[in-house]
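Residue-level structural notes
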Amino acid sequence: MSHGPVPLRAPGDLEHRFRAKVSTRSGARKARVNIDYHVELEGHWYSVPYQLVGKAVELRHTEACAEAFLAGRRVASHMRSEQRGRFTTQAEHMPASHRQHA
């Protein structure tokens, strides 16, 4: 039994579906850095450098990544988490006095 060649999909077809999937959970918005040097995104808290407490940052996100920008410069990048009410903290974002207790 002979099978003919497998038809290939047009490259744009797969690319379009990937772009559509990413864009369903992507976006940007402003956030103010909390006293604990975290910003909230969809119920999860992500750290930024502690020197930015009180400043407004721009949050950009996709399904996989959450990033914070200040004046167009990226200041933090995290893998996304679905855990509401939880924190993702990078040690380098903490003041030295907090690192001792982490």
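Going by the structure above, here's the rest.
The rules behind these values
Counting of residues starts from 1 at the beginning of each chain's written sequence and follows it residue by residue. With the structure being a predicted model, the display of local features is reserved for residues of pLDDT at least 70 and the display and counting of side-chain atom pairs for 80 or more, all residues being used for whole-chain, interface and lining totals. Calculation of side-chain values draws on the structure's entire complement of heavy atoms; hydrogens and water are dropped beforehand. Two strands are counted as paired when DSSP detects at least two bridges linking them. The numbering of helices and of strands both runs from the N terminus, where a helix is a DSSP run of H or I of at least 4 residues and a strand a run of E of at least 2. For helices, the fitted axis covers only the stretch in contact; all axes are lines through C-alpha atoms, and the angles between them, taken along N-to-C directions, range from 0 to 180 degrees.

**Side note on the sheet that holds strand β6 (residues 73–79)**
Read from one edge of the open sheet, 4 strands run β1-β4-β5-β6, paired in antiparallel fashion. Only two strands of the sheet have a single partner each, and these edge strands are β1 (27–32) and β6. Ignoring which end each strand starts from, the neighbouring axes of this sheet average 25° apart.

**Some details on the sheet that holds strand β7 (residues 87–88)**
Pairing within the open sheet is mixed, and its 3 strands lie in the order β2-β3-β7. A strand with exactly one partner marks an edge of an open sheet, and here the two such strands are β2 (38–41) and β7. As paired elements, β2 and strand β3 (residues 44–47) share 4 bridges and run antiparallel to each other. Bridged to L41 within β3 is H44.

Bear in mind that shape data such as this cannot, by itself, settle questions of function.
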